[in-house]
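# A structural walkthrough
Read off the chains here:
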Amino acid sequence: MPQTDTRGDQAGVGWRQAGVVCAVLGLATLAVVVVTTPWRALPPSAPYVAPDPARDFTPAEIARAAAFDAATTAPGYLSLGLSLLFAGLLVLTPFGARLLGRLRGPWWVRVVLGVLLLTALVEAVRWPLGMWAETVLRAYGLSTQDWASWSADRIKGIGVNAAVLAVAMVAVVGLARKVRRWWIPAAVGAFALTVALSFVYPVVVEPLFNDFRPMPQGPLRTSLLAMAARDGVPVEDVLVADASRRTTALNAYVSGFGATRRIVVYDTLLRGPAPQVELVVAHELGHAKNGDVLDGTLVGALGAAAGAALLYLAFQLVRRRTGVASAADPRAVAVLVGLMSLATVLSGPALNLVSRRIEARADVHALDLTKDPVTFVAMQKRLAITNISDLSPDAVEYALYASHPSTPERIALARAWARLNGVPAP
């Protein structure tokens, strides 16, 4: 009596299970996003104020911003296009599998070498575009780096990304060699890795690019810590980053949570009036008070877990086209890296949409805390002029790159807040 081959049935069951888990985790991620995202920064009763760059910026400032945007658009789009083209080659053709098939050694060595080789290839192609963009930044006075410093920072960034990717790929291929449904432990591992990186990044990765020192004792530090205490936000420290060694741009941010949470301000920001620094820090306190880093970590971890199941499903769809039969084959690294690259690009607009809403809420928090829309508008104008922000971004660039509302939108929000709260509008 002939025996029945059950491998097809088992594959079908695995496909369905992965699909169900991917859908459940995807819906869980979406639910957390919907619940935690502040879709309206101001209440419905707030008056509408239309963003208008011409109201706050001179024609020369608007023209300079437009010229800078035009100068940086070409290298930015070319870099994005090359990334998509390379990912497409890895996912839709046997190119990557044939390339990685030349590597020799134990399977895990081949996986690591494969990640390094693919990274080196794509970065070698993108390197001239990075130099192009850096030349534009220098022409507009935004970069203070020499080429040695710029290259060192870029290599460090590439190295960090390659190291994380290599760890992930060794885990995936290793699991696929041991477990048929490798996406189950991979999903758990992706969740745990994302959470771990949220703790590790501020204390391990950030110091690779900047030196941090506590803000010196004085009226400004005292005022900032008093504002944090008044806001009910536990802050481990307020640090100053030596950003001036690479840029003239102004910025501040909050990273980490729990024992690693800190508010960081660029030293370039400290060259302005103290009230403006206080307002920027008030914005960052809004992120801390609303748990934005923690929420972002949860969303990222759930998304990474869902992504592991989706990676399994997508790999099954394209593996024959790429000539790789199983994720247990070290050559599968090329396909997996290509799929992850495509997922990163495709998810970008959605992540930016959520980020813009969160940033708008932090702006409102700063206004609620300082009750000073006049300084808020002055700070936004200073940021836009110094950083040469795009004052009228087109829809495509706004979706692809804008993690913050445009400066005219933020100024309009401040004016709407002022009218809502009966404060003279700036």
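As the structure is a prediction and not an experimental result, all values here were calculated from the model. (Residues numbered from 1 in each chain as written. Predicted model: local features only at pLDDT ≥ 70, side-chain atom pairs only at ≥ 80, totals over all residues. Heavy atoms only, no water.)

### Describing the packing of helix α8 (residues 219–231) against helix α9 (residues 274–289)
- Packing of α8 against α9 brings their axes to within 10 Å, and their N-to-C directions diverge by 35°. Crossing of α8 against α9: the hand is right-handed. Two secondary-structure elements touch here, α8 through L220, S223, L224, M227, A228 and D231 and α9 through A274, V277, E278, V281, A282, L285 and K289.
- Taken together, the residues of the contact of α8 with α9 break down into 9 nonpolar, 1 polar and 3 charged. (Axes fitted to C-alpha atoms, helices over the stretch in contact; angles between N-to-C directions. Helix = DSSP H or I, 4+ residues; strand = E, 2+ residues; numbered from the N terminus. Left-handed = near helix turned anticlockwise from the far one by under 90°. Contact = heavy atoms within 4.5 Å. Nonpolar A, V, L, I, M, F, W, Y, C, P; charged D, E, K, R; others polar.)

### Some thoughts on the environment of N352
- As for its position among the elements, N352 is in helix α11 (residues 332–370).
- Considering only alpha carbons, one finds N352 and M227, 125 residues apart in sequence, at a separation of 29 Å.
- Ignoring any residue separated from it by four or fewer positions in sequence, one finds N352 in contact with A399, L400, Y401, A402 and S403.
- Looking at N352, its side chain comes within polar contact range of the main-chain oxygen of L400, at 2.9 Å. (Polar contact = N/O pair within 3.5 Å; in protein donor to acceptor, adjacent residues only side chain to side chain.)

### Things to note about the environment of R104
- By the secondary structure assignment, R104 is in the loop between α4 (95–100) and α5 (107–139).
- With residues near it in sequence (within four places) discarded, R104 still touches V109, R110 and L113.
- Within the structure, the side chain of R104 is placed 2.7 Å from the backbone oxygen of G101, a separation counted as a polar contact.

### Some thoughts on unusual backbone geometry
- Positive phi is not limited to glycine here, since K371 has a value of about 55°.
- As for its placement among the helices and strands, K371 is situated in the loop between α11 and α12 (373–387).
- Unusually for a residue other than glycine, I388 sits at a positive phi of about 50°.
- With respect to the helices and strands, I388 occurs in the loop between α12 and α13 (395–401).
- Of the residues examined, I388 reaches a relative accessible area of 5% and is grouped as buried. (Buried < 20%, exposed > 50% of the residue type's maximum accessible area, 1.4 Å probe, protein only.)

### Points about the sheet that holds strand β4 (residues 262–266)
- Reading across from one edge, β1-β2-β4-β3 is the order of the 4 strands in this open sheet, with mixed pairing throughout. With one partner strand each, in any of the chains shown, β1 (212–214) and β3 (252–255) form the two edges of the open sheet. Averaged over all neighbouring strand pairs, the angle between strand axes comes to 30°, with direction disregarded.
- As paired elements, β3 and β4 share 4 bridges and run antiparallel to each other. Looking at the pairing, A252 lines up with V265 of β4. (Pairing = 2+ DSSP bridges.)

### A short note on a nonpolar patch on the surface
- Taken together, the side chains of L27, L30, V34, V35, W39 and L353 present a nonpolar region at the surface, about 590 Å² in accessible area.
- With 4 residues, helix α1 (residues 7–36) is the single largest residue contributor to the nonpolar patch.
- Mapped onto the elements, V34 comes out in helix α1.
- Here V34 falls in the partly exposed class, since its relative accessible area comes to 44%. (Patch = residues over 30% accessible without salt bridge, like charges linked within 9 Å, V, L, I, M, F, W, Y side chains within 5 Å. Areas by Shrake-Rupley, 256 points an atom, 1.4 Å probe, with all protein chains shown as cover. Salt bridge = Lys/Arg side-chain N within 4 Å of Asp/Glu carboxyl O.)

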